[in-house]
Each structure stands twice: as structure tokens, then as C-alpha cells.
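In case you want the letters, here they are:
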Amino acid sequence: MKNEIRVLGNTMEFMGKQLKVIEGGFGEGKRVLTAHQIAEIHSMEVKEVNRLTYENLDEFEDGVDILNLLKVGTTHLEIKTLFDITLPPVAKNFYIYSEQGYMALVGLMRSDEAREIRKKFRREYFAVRDKAFNIVKSIESVEYEGNIDNLVYSKNG
């Protein structure tokens, strides 16, 4: 099920913090971060992460970048059970972020941690893009001469 959220038993290290691995919401096996995890990573208060998100909702695509679990029918008790987080009774938002949504949020932040994440993302993104481009160019340089036994690999291009 696309929107099923699972907190896995393992943790991952990110920015020197141990975080619970959470998947779902945006597709099976897709990793997500909660506003609480993001607050921990960036040494912020959760209310600041929520405020930044709420004030910039036009920067996020609902269901692609973020999900407000309280708006899709998740109860406070379910959040407590799943994430071990007790929300105030008046809470109207409990955001989770896809990787893409997290990067959009980091783009809005003005902190040393956010700046480092943006730099790291740019470096890694363009390095991966260059590798993918080189692989495509290698594939394009394969010449086909009639049947599978006659494939010729060319160093052209």
C-alpha cells in the first residue's frame, strides 16, 4: 500500500545523528523523515520546522514532497504508537517529508548544517549525473552489426 508508513527496527546515521528508518507514505520502500527528525538533525525546535513548512507550503507538492498525517486521517494515538511521539491535543500538523521534500525544506533553511547539506547534495548530484552521462555515452557507442553475436564495442564518443 502506497501510504502505509513503517518504522523499521534499524537506524541510520545522518549528519552525526542516529535516526530511526521510516518508510512509506510516498511509495513502498521510500524513506521519509519526520519534522521531529529534521529538528534533531538541524538542532532546531520542531515548531520551527513546522513553521518553516507551513509558511512555505507553496514550495511543497502535497503527496510528493510532504504529507500532513493529521490531514489524511492519522490519529494522535496512531502517531504516538508508530513514532513514539506525543502530540499536543490541539496539534493540527504532523508532517513527514520525502527525500525531495526534505531537500526543498533544507533550501529554505539558513543554518550551517543546511548549507553543508546543500553543498553535499550539489556535489553528489552532479557527480552522479556525470557518471550517468558517461554510461549513456558508452551505451550509445555500441555498434550493432546484424545479430547479437556481432556486437562491436566502439570507443568513439
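Thresholds, definitions, all that
Residues numbered from 1 in each chain as written. Predicted model: local features only at pLDDT ≥ 70, side-chain atom pairs only at ≥ 80, totals over all residues. Heavy atoms only, no water. Helix = DSSP H or I, 4+ residues; strand = E, 2+ residues; numbered from the N terminus. Buried < 20%, exposed > 50% of the residue type's maximum accessible area, 1.4 Å probe, protein only. Contact = heavy atoms within 4.5 Å. Pairing = 2+ DSSP bridges. Arc of directions from axis to C-beta. pLDDT = per-residue confidence, 0-100. Phe/Tyr/Trp six-rings, centres within 6.5 Å; stacked < 30°, edge-to-face > 60°.

K.L.:
What should I look at first to understand the environment of isoleucine 85 in this one?
P.N.:
Here isoleucine 85 lies in the loop between α3 (76-83) and β5 (95-97). According to the relative accessible area criterion, isoleucine 85 is buried, its value standing at 14%. Residues contacting isoleucine 85, with those up to four places away along its chain left out, are His36, Ile79, Lys80 and Phe94.

K.L.:
Hey, could you run me through the pairing of strand β2 (residues 17-24) in this one?
P.N.:
Along any regular strand the residues' side chains alternate between the sheet's two faces. In this structure, strand β1 (residues 5-14) lies alongside β2, joined through 7 bridges in antiparallel fashion. The residue of β2 that forms the bridge with isoleucine 5 is glycine 24. Pairing between β2 and strand β3 (residues 31-34): 2 bridges, direction antiparallel. Looking at β3, one finds that isoleucine 22 is bridged to valine 32.

K.L.:
For this particular structure, what's the right way to read the pairing of β3?
P.N.:
In this antiparallel pair of consecutive strands, β2 and β3, the connection spans 6 residues, and glycine 25 shows a positive phi of 80°. Both β3 and β5 contribute to a ladder of 2 bridges, which runs antiparallel. Counted as the bridge partner of threonine 34 is isoleucine 96 from β5.

K.L.:
Where do I start with helix α4 (residues 99-108) in this structure?
P.N.:
It helps to recall that an α-helix has 3.6 residues per turn; residues three or four apart then point in one direction. Residues of α4 that are buried include every one of Gly101, Tyr102, Leu105 and Val106, and no others. Looking straight down α4, one finds that the buried residues subtend no more than 140° of arc, so they occupy a single side.

K.L.:
When you look at the confidence of the model for the protein in this model, what are you seeing that I'm missing?
P.N.:
Detailed reading of the predicted coordinates is not advisable wherever pLDDT is low. Confidence in the prediction for the protein averages 81 pLDDT; 75% of positions are at 70 or higher. Within the model, pLDDT remains below 50 along residues 153-157, and this stretch shows 6 contacts once partners closer than five positions in the same chain are excluded.

K.L.:
What exactly am I supposed to notice about the packing of aromatic side chains here?
P.N.:
Aromatic ring pairs are defined here through the distance separating the ring centres and the angle between the ring planes. If you walk through the whole model with that rule in mind, you get 3 aromatic pairs. Consider the rings of phenylalanine 60 and tyrosine 97, whose centres lie 6.4 Å apart with planes at 70°: the pair is edge-to-face. Here the residue phenylalanine 60 occupies a position in the loop between α2 (46-55) and β4 (66-68), and tyrosine 97 occupies one in strand β5, the gap between them amounting to 37 residues. Side by side, phenylalanine 60 and tyrosine 97 carry an identical accessibility label, which is buried.

K.L.:
Help me understand unusual backbone geometry in this model?
P.N.:
Comment: phi is negative for the bulk of residues other than glycine, and the bulk of peptide bonds are trans. The backbone phi angle of serine 43 is positive, close to 50°, even though this residue is not glycine. Within the fold, serine 43 resides in the loop between α1 (35-41) and α2. Of note, the phi angle at aspartate 84 is positive, near 60°, even though the residue is not glycine. Examined against the element boundaries, aspartate 84 turns out to sit in the loop between α3 and β5. Relative accessible area serves as the criterion here: at 54%, aspartate 84 is assigned to the exposed category.

K.L.:
I tried to follow the side chain of threonine 53 on my own but got confused; where do I start?
P.N.:
Structurally, threonine 53 can be placed in helix α2. The contact partners of threonine 53, leaving out residues within four places of it in the chain, are Phe60, Ile66, Tyr95, Tyr97 and Leu105.

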